[in-house]
Amino acid sequence: MSTFELNTTISNLRSLRESDLRAYDAVYLGNIYCRIFEDNFLERLADLRTGIAQVKEQGLRAYVTSYAAPRNDSLAKVQKALETAVEAGADAIEVHNLGVLRMVHEQFPNMPVHVGGFANVYTDAGAAVLKEYGARRFTPNYEIGLDEVKAITDHAGIPAEILVHGKMPLGVSDYCFLLEYEKQWPEKCPVICQKQLFLKQGDWAMRSVGKGVLSGRDVCMLEHLPALFAAGRNVFRIEAAYESPLYRHEIGMIYRAALERAAAGDGAVDESTWKTIHQHTHVGLCNGFYFGRTGSDYVGSREESLAAQ
Amino acid sequence: MSHAHHAVRVDPQVPPAILLAPAGSLDGAAQAFQAGADAVYVGLKGWSRGGARGELDREDLRQCTELAQARGKEIHLAVNIIPKPHERELLLDKLAEMAAWGLHAVILNDLGLVRKVSQRLPQLAITASIGCGALNVSDVLLYQDLGASAVVLPGYLEPQEISALKARASIRVELMIHMVDEFIQLGKCWMPSYLNFAATERVVPTQRLSGSVKRGGVGSCFRICQQPWSVMKDGEEADRRMLPSRQISRIGELAAFLDAGVDVIKIQGRSLPAEMASAIVSRYRVAMDDWKAGRESGGCKADWSYTALPRMWTVQGR
């Protein structure tokens, strides 16, 4: 059995069917930003049931995520998605919204909860409260460094999931400004947010997904995996909610191989993999906030060749 | 919507809604009370987001509390940053001292801190800040579970959402009815530190965690959403724009919100000049008193529209 978990995110059944998931141990199903994202698992409950079954048939764990910022009018649908997840045998629910956390805890106390990045876990005190509500793991707020993550896991006694590759969430909105472009552009909702849309200002770039903003650069921790293991981290995510099945597969295979080597004590990076990573990267690479620096910075040996593309 | 000719709202079982005003100084608090605020919220130097313009030092805060007590009013203290873990005890000690002065409530931004304060200082009312990101009834119930006595909700919610959660929650609901609604939700934005974390850290090395406004990074929101961005589609510039944001000033719907059960009408703006804040407070005072008396409100007239606002109190003017 693997000593680590590598997981990813898939928003709908089409993308699940098109994805080769050999690299992964688990999959989060659903799109956390928007109820009208194309065939969002969280709205199409028959698809969710099918998706959970398909993931489990492949021997993987099926997790169901939930909305980052639901208002009252979404809670009935959230409730149905939670019921479906439980009935279909999901292995965990991911919650970003504390109200949804409370719903899961009250109604499905045996269902493991993974706390997502929008739940704003910044300190051990926050993690301790979430643990009381059934949290079995948490994604720290993306803004904190690896030393702070370690302080939380050490004090709160709850494991952390770490985004190792992909576009890092930077914010969530109640309003989709891409809808303003429906009259001007050929692309319409619910496809428009799946275009490669970037907000740029000089060297700065962010990826817009309508109701969410992601990092423009892809977080890449490939050459830092031994350090992550050394810090006690063993749950890793490739964030691919808005990426292609090819991205999910190829990046996943790179990390699967590198993680297995790193777990065995070999921290060397296969140089041939950088070309593939580069092909899937529009704006360059960064490390997020893991090293206590500006989130779009890249620390590592690839700095000159890839970070400033 | 017309609010004329309804019955006088006096229910002895229900505490009347209060008007909670911002103040960035002792003088600002005095002016806000003079303008009709029932309560004033202020920041504590080094422990609240918003920067030096909107924070009071310890002595000013003590005098502020005295001023409020002399008038039978309330001071709420914004401690809406997340302290570093090793400085949490220091903060709890400070809050214990301030609670003894007669501070009414502390406004907190982190669920872990809510739990700590409710355990350590049960005599102090706790408000879950708008930065906690509560939006729905279940969010409110969670903060109620944790010991909060009030929760702040953003002004873009609708009256029916308020009435739905008031039907289930027993803690006070504060509505930030007059606020800037940024594109990204308050407490859920770390765009600035993604783009420039180092600069924010240099501003004030202090107790608070460095980084975004959520964490309490002073000056860390350098309003990147209010600068022009190129929207790049397929590698080409398809548009150049600012991210959407707007001023919310829903005084025209005040009666509907009060009917829905809002307990606290809250106005944003600790960094506003006292004269401007008190002018806004006066307008809301008139509207609330009119509602209470069952009158059509002179305070709700349409001249308090976005275009009629002083420029500084608009998104672009700040």
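1. Re the overall build of chain B
Then, in step 1: Regarding its fold elements, chain B presents nine helices and 13 strands.
Then, in step 2: Partitioning the intrachain contacts of chain B with sequence separation of at least 6 by distance along the chain shows that 63% fall at a separation of at least 24.

2. Remarks on the overall build of chain A
Then, in step 1: Scanning chain A from terminus to terminus reveals 10 helices and 12 strands.
Then, in step 2: Relative to the 2.2 N^0.38 estimate, which gives 19 Å for 309 residues, the radius of gyration of chain A is 18 Å and therefore close to what a compact globule would have.
Then, in step 3: Dimensions along the principal axes, computed over C-alpha positions, put chain A at roughly 50 × 50 × 35 Å.
Then, in step 4: Relative to its 309 residues, chain A shows a buried fraction of 56%.
Then, in step 5: Looking at chain A alone, contacts between residues at least 24 apart form 64% of all its contacts between residues at least 6 apart.

3. Regarding the interface of chain A and chain B
Then, in step 1: Residue-level contacts link 46 residues of chain A with 49 residues of chain B.
Then, in step 2: Of all elements in the fold, only α3 (72-87), α4 (98-107), α5 (124-132), β7 (161-173), β8 (197-201), β9 (204-208) and β10 (212-220) of chain A reach the threshold of two or more residues within the side of chain A that touches chain B.
Then, in step 3: With six residues, α4 of chain A is the largest single contributor of residues to the side of chain A that touches chain B.
Then, in step 4: Partitioning the side of chain A that touches chain B into residue classes produces 25 nonpolar, 13 polar and eight charged.

4. Let's talk about the nonpolar core
Residue and element names in this part refer to chain B.
Then, in step 1: In terms of nonpolar packing, the biggest core is built from 201 residues, with V40, V42 and V151 touching the most fellow members.
Then, in step 2: Element by element, the count of residues in this core is highest for helix α9 (residues 274-293), at eight residues.
Then, in step 3: Built from parts of two domains, this core gets at least three residues from each of domain 1 (18-184 + 246-313) and domain 2 (191-241).
Then, in step 4: In contact with V42, other than residues within four places in its own chain, are A23, A29, L56, L61, C64, I75, L77, A78 and R270.

5. Overview of the pairing of strand β12 (residues 246-249) of chain B
Put simply, side chains in a regular strand alternate between the two faces of the sheet.
All names here are of chain B.
Then, in step 1: Residues Q247 and S249 of β12 are buried on one face, while the alternating residues R246 and I248, pointing to the opposite face, are not.
Then, in step 2: Examined bridge by bridge, strand β8 (residues 172-181) and β12 share four bridges and lie antiparallel to one another. Each bridged residue has a counterpart across the sheet, and for M179 the counterpart in β12 is I248.

6. With respect to the pairing of strand β4 (residues 92-95) of chain A
Residue and element names in this part refer to chain A.
Then, in step 1: Along β4, one buried face is formed by A92 and E94 and the opposite face, lined by I93 and V95, is buried too.
Then, in step 2: Note: strand β3 (residues 61-64) against β4, two bridges, orientation parallel. Directly across from Y63, in β4, lies its bridge partner A92.
Then, in step 3: Pairing geometry for β4 and strand β5 (residues 113-115), over three bridges, is parallel. Across the sheet, residue E94 finds its bridge partner in β5, namely H114.
Then, in step 4: Remark: the β4/α4/β5 crossover connection has right-handed handedness.

7. Looking at unusual backbone geometry
Then, in step 1: Residue C189 of chain A is joined to P190 of chain A through a cis peptide bond whose omega torsion reads 15°.
Then, in step 2: If you trace the backbone, P190 of chain A turns up in the loop between β7 and β8.
Then, in step 3: Notably, D39 of chain A is not glycine yet its phi reads approximately 50°, a positive angle.
Then, in step 4: Inspection of the secondary structure puts D39 of chain A in the loop between β2 (26-29) and α2 (45-57).
Then, in step 5: Classification of D39 of chain A as partly exposed rests on a count of 15 C-beta atoms within 10 Å.
Then, in step 6: Non-glycine residue D234 of chain B carries a positive phi angle of around 50°.
Then, in step 7: The residue D234 of chain B is located in the loop between β10 (229-233) and β11 (236-241) in this model.

8. Some thoughts on the confidence of the model for chain B
Residue and element names in this part refer to chain B.
Then, in step 1: In the predicted model, chain B carries a mean pLDDT of 85, and 80% of its residues have values of at least 70.
Then, in step 2: Of all helices and strands in chain B, the one with the weakest mean pLDDT is helix α7 (residues 191-203) (69), whereas strand β6 (residues 125-128) scores best (98).
Then, in step 3: Here residues 312-318 scores under 50 on pLDDT; set against residues more than four positions off or in separate chains, the count is 14 contacts.
Then, in step 4: Interface confidence for the predicted complex, given as ipTM, is 0.95, next to a pTM of 0.93.

9. Some points on the environment of K233 of chain B
Then, in step 1: Along the chain, the position of K233 of chain B falls in strand β10.
Then, in step 2: Given 18 C-beta atoms within a 10 Å radius, K233 of chain B is considered partly exposed.
Then, in step 3: In this structure K233 of chain B touches K195 and L197 of chain A together with A238 of chain B, once residues within four positions along its chain are discounted.

10. Things to note about the packing of helix α3 (residues 88-101) of chain B against helix α4 (residues 111-120) of chain B
Residue and element names in this part refer to chain B.
Then, in step 1: One can describe the packing of α3 onto α4 by two numbers: an axis separation of 11 Å at closest approach and a directional angle of 45°. In terms of their interaxial angle, α3 and α4 are classed as oblique. Both α3 and α4 take part in a crossing whose hand is right-handed. On α4, the residues touching R88, L92 and L95 of α3 are K116, V117 and R120.
Then, in step 2: By residue class, the composition of the contact of α3 with α4 is three nonpolar, no polar and three charged.

11. Topic: the environment of T84 of chain A
Residue and element names in this part refer to chain A.
Then, in step 1: Counting through the fold element by element, T84 comes out in helix α3.
Then, in step 2: Here the alpha-carbon distance between T84 and L42, two residues 42 residues apart in the chain, equals 9.5 Å.
Then, in step 3: With near-sequence residues (within four places) excluded, T84 lies in contact with L45, L48 and R49.

12. As for the packing of helix α1 (residues 26-34) of chain B against α9 of chain B
Residue and element names in this part refer to chain B.
Then, in step 1: Where α1 meets α9, the closest approach of the two axes is 9 Å, and the angle between their N-to-C directions is 20°. One finds that α1 runs roughly parallel with respect to α9. Regarding α1 and α9, the two cross each other, and that crossing is right-handed. Taking contact as the criterion, the partners of D27, G28, Q31, A32 and Q34 in α1 are, on α9, A274, A277, S278 and V281.
Then, in step 2: Partitioned by chemical class, the residues of the contact of α1 with α9 number four nonpolar, four polar and one charged.

Rules used throughout
- Residues numbered from 1 in each chain as written.
- Chains lettered and ligands numbered in written order.
- Predicted model: local features only at pLDDT ≥ 70, side-chain atom pairs only at ≥ 80, totals over all residues.
- Helix = DSSP H or I, 4+ residues; strand = E, 2+ residues; numbered from the N terminus.
- Contact = placed C-beta atoms within 7 Å.
- Rg over C-alpha atoms; globule rule 2.2 N^0.38 Å.
- Buried ≥ 20, exposed ≤ 12 C-beta atoms within 10 Å, placed from the backbone.
- Nonpolar A, V, L, I, M, F, W, Y, C, P; charged D, E, K, R; others polar.
- Core = buried A, V, L, I, M, F, W, Y, C linked by C-beta atoms within 7 Å.
- Domains from an automatic or database assignment.
- Pairing = 2+ DSSP bridges.
- Right-handed = clockwise from strand over helix to strand, strands pointing away.
- pLDDT = per-residue confidence, 0-100.
- Axes fitted to C-alpha atoms, helices over the stretch in contact; angles between N-to-C directions.
- Parallel < 35°, antiparallel > 145°, perpendicular 65-115°, else oblique.
- Left-handed = near helix turned anticlockwise from the far one by under 90°.

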